[in-house]
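Descriptive structure summary
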Amino acid sequence: MNRDDIKDALLEIIGDIDEEADLDALDADKPLRDQLDLDSMDFLDIVMELRKRYKLQIPEDEYPELITLNSCIKYLEPKLREI
Amino acid sequence: MSRENKNNHERIVITGVGLAAPGADNLADFRANLLSGTSGISTLDLRYMGVHPAGLCSFDETRYRKKKENKRGTRAGCIGVYCAGEALKDSGITLGAEYDPARTGVYVGLTEHGTVETENEVYNISQYGYNVDYWTHHHNPRTVLNNPAGEITMTFGLTGPHYSIGAACAAGNAALIQGLQMLRLGEVDLALCGGLSECVGSFGIFASFRAQGALAEHEDPTRASRPFDMARNGIVISEGGCLFTLERLDSALQRGAKIYGEIAGYAINSDAKDFVLPYSPRQSECMVLALKRAGMQPQDISLINTHATGTRQGDIEECKAIRAVFADCPKTFVNNTKSLIGHAMGAAGVLELAGNLPAFTDHMVHPTINLDELDPECALPNLVSGETRELPQVDSILNSSFGMVGINSVLVVKRFLA
């Protein structure tokens, strides 16, 4: 997967969690939780969906890497390159 | 406080109804279906079980909360939030104006809770080789027993007590009794109470009734629920919900509330006998105690709304109990609502009560349907079957709900007279 593929997948996952989320207005460099109606349980939904889709285990101490859309992409890029 | 004022402070009245029943999402439509003898039963194709008759509810799931919250919560919570919103709207109460949200209690009757969510998660991890890393973090908040009541408080900002009442299929009535008691104790000023069921989501509940020989089958699903009929062969499982607003009469009168009826008497007792089989002597005792608390005689009851579910022994036991108490009551009529909507488990008692409350104003007794050949052991005098029966006046309803492991509940509700 390249950066665009990862971005599309993330937006799809977030869109499934909250169908009313305004993803077009998302600033990729600002924290997701500041812009969307997402709480810690929703965040865990994102982690679970990444696990289900890509068999990706994200250790809890690396959750801070997933704060913004761009930081997510940066973190996931090397892990999903071969997919 | 004068004697009359004290009395009105302890008299508890129903002032709002919110419901989701198979075939109706409001009381007016529900009543119309019951009076016309229109079944709400369809079929459900359930995991591992195949197609079975079932009662399914259709309502505006996002009227009171977002789709995202429905996804996170439970089906019981979704039904509960809808019923609570509808009951509050129907009552005309503005929370924060007439009543303090901190003095509002939410009491929800459940037959069971967590079965659906647990089955779904076990299925989910089965798709990942039973690796529990794939078990959802939503499992615990979804399956704690207060879940549906708690989902209601979060939606409406109710900060008083909330909890569930587990009483098998007597749970809806038991929750109504809890609400009444909390109002009389002065613990709350407004009680939102009733029952909910999401049982149609559980293959285990269907499979267990089938293993017990108590799951209804019929090629026409609308004919599958047939209490008192010779050809009955078990229960039709339904989902649904019904919540009432209960208030003390004095405060209801003060705000000019519409009053559906007064809960005059109630009782809960236990068979202390068997896991599944009902026991008519205890059912009779429960009816007698409810009448005593209401200060009424059996002859004072206009309508007995039965619990009968369409199982052979259950129906017969209830009829024995009714015969024992209502031996000489020519003005007492009998009907059954499950023949039309199936068995909504924790919601059954309250949905059935709600469907019959309009009898106080329309004077109609809705029919028991699918009664083609009456079981002689269920032949009660004045059993209303096939067609709606109009009475000169309906003054009182005795509503029974019985549950597994031997729990009986009876409510006596009177037409409101100042």
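Residues numbered from 1 in each chain as written. Chains lettered and ligands numbered in written order. Predicted model: local features only at pLDDT ≥ 70, side-chain atom pairs only at ≥ 80, totals over all residues.

**Quick notes on the overall build of chain A**
Per the secondary structure count, chain A includes four helices and zero strands. Reading the secondary structure of chain A in the N-to-C direction produces α-α-α-α. Taking 2.2 N^0.38 as the reference for a compact globule, 83 residues should give roughly 12 Å; the C-alpha atoms of chain A span a radius of gyration of 12 Å, in line with that estimate. Dimensions along the principal axes, computed over C-alpha positions, put chain A at roughly 30 × 25 × 20 Å. The buried share of chain A, taken over its 83 residues, is 19%. Considering only intrachain contacts with a sequence separation of at least 6, the fraction spanning at least 24 residues in chain A is 59%. (Helix = DSSP H or I, 4+ residues; strand = E, 2+ residues; numbered from the N terminus. Rg over C-alpha atoms; globule rule 2.2 N^0.38 Å. Buried ≥ 20, exposed ≤ 12 C-beta atoms within 10 Å, placed from the backbone. Contact = placed C-beta atoms within 7 Å.)

**Points about the pairing of strand β8 (residues 240-248) of chain B**
Residues and elements named next belong to chain B. In terms of residue burial, β8 counts as a mostly covered element, since nine of its nine residues are buried. Burial along β8 is two-sided: the residues Gly240, Cys242, Phe244, Leu246 and Arg248 and Gly241, Leu243, Thr245 and Glu247 are all buried. For strand β1 (residues 12-20) and β8, the ladder comprises eight bridges, and the chain directions are antiparallel. The residue of β8 that forms the bridge with Ala20 is Gly241. Relative to β8, strand β6 (residues 190-197) runs antiparallel, the two sharing eight bridges. Paired with Leu190 across the two strands is Glu247, which belongs to β8. (Pairing = 2+ DSSP bridges.)

**Considering the sheet that holds strand β11 (residues 333-336) of chain B**
Residues and elements named next belong to chain B. Reading across the sheet, the ten strands line up as β5-β4-β6-β8-β1-β9-β15-β14-β10-β11 and stay open at both edges, with mixed pairing between neighbours. Sheet topology places β5 (162-166) and β11 at the edges, where each strand pairs with a single neighbour. Adjacent strand axes in the sheet meet at a mean angle of 25° when their direction is disregarded. (Axes fitted to C-alpha atoms, helices over the stretch in contact; angles between N-to-C directions.)

**Some points on the interface of chain A and chain B**
Taken together, the contacts link nine residues of chain A with nine residues of chain B. Of the residues forming the side of chain A that touches chain B, the biggest block, five residues, is contributed by helix α3 (residues 40-54) of chain A. Residues that form the side of chain A that touches chain B fall into these classes: four nonpolar, no polar and five charged. (Nonpolar A, V, L, I, M, F, W, Y, C, P; charged D, E, K, R; others polar.)

**Structural notes on the sheet that holds strand β3 (residues 50-55) of chain B**
Residues and elements named next belong to chain B. Taken in spatial order, the three strands line up as β2-β3-β7 in an open sheet, and their pairing is mixed. Whereas interior strands pair on both sides, the edge strands pair on one side only; in this sheet they are β2 (41-46) and β7 (237-238). The pairing of β3 with β7 spans two bridges and is classified as parallel. Paired with Ala54 across the bridge in β7 is Ile237.

**Considerations on the domain arrangement of chain B**
All names here are of chain B. According to the domain assignment, chain B contains domain 1 (3-254) and domain 2 (265-414). For domain 1 versus domain 2, the separation of C-alpha centres amounts to 21 Å. The interface of domain 1 with domain 2 comprises 58 residues on the first partner and 51 residues on the second. Of all the elements in the fold, those that place two or more residues in the side of domain 1 that touches domain 2 are β1, α2 (27-35), β3, β4 (104-110), α8 (171-185), β6, β7 and β8. A breakdown of the residues in the side of domain 1 that touches domain 2 according to their chemical character gives 33 nonpolar, 19 polar and six charged. (Domains from an automatic or database assignment.)

**Some thoughts on helix α4 (residues 75-91) of chain B**
Residues and elements named next belong to chain B. In this model α4 runs 24 Å from its N-terminal to its C-terminal C-alpha over 17 residues, within 8% of the 24 Å that 1.5 Å per residue would give. In terms of burial, α4 is largely enclosed, as 14 of its 17 residues are buried. Just downstream of α4 lies Gly92, where phi reads positive at about 75°. (Expected span 1.5 Å × (residues − 1).)

**Details of unusual backbone geometry**
Residue and element names in this part refer to chain B. With a phi angle near 75°, Phe228 is a residue other than glycine that sits in the positive phi range. Among the structural elements, Phe228 can be located in the loop between α9 (203-211) and β7. For Val405, which is not glycine, the phi torsion reads 65° and is therefore positive. Summarising the element assignment, Val405 is placed in the loop between β14 (396-403) and β15 (407-414). Its 13 C-beta neighbours within 10 Å are what place Val405 among the partly exposed residues.

**Things to note about the environment of Leu289 of chain B**
Residue and element names in this part refer to chain B. Inspection of the secondary structure puts Leu289 in helix α11 (residues 280-294). For Leu289, a count of 17 C-beta atoms within 10 Å translates into the label partly exposed. Along the chain, Leu289 and Val410 lie 121 residues apart, while their C-alpha atoms are 8.6 Å from each other. Once residues within four sequence positions are removed from consideration, Leu289 is found in contact with Ala267 and Asn269.

**Observations concerning the confidence of the model for chain B**
Within chain B, residue pLDDT values average 97, and 100% of them lie at 70 or more. Here the predicted complex scores 0.97 on pTM and 0.93 on ipTM. (pLDDT = per-residue confidence, 0-100.)

**Digging into the packing of α8 of chain B against helix α14 (residues 348-356) of chain B**
Residues and elements named next belong to chain B. Packing of α8 against α14 brings their axes to within 5 Å, and their N-to-C directions diverge by 75°. In terms of orientation, α8 lies roughly perpendicular with respect to α14. Seen from α8, the contacting residues are Gly172, Asn173 and Leu176; seen from α14, they are Ala348, Gly349 and Val350. (Parallel < 35°, antiparallel > 145°, perpendicular 65-115°, else oblique.)

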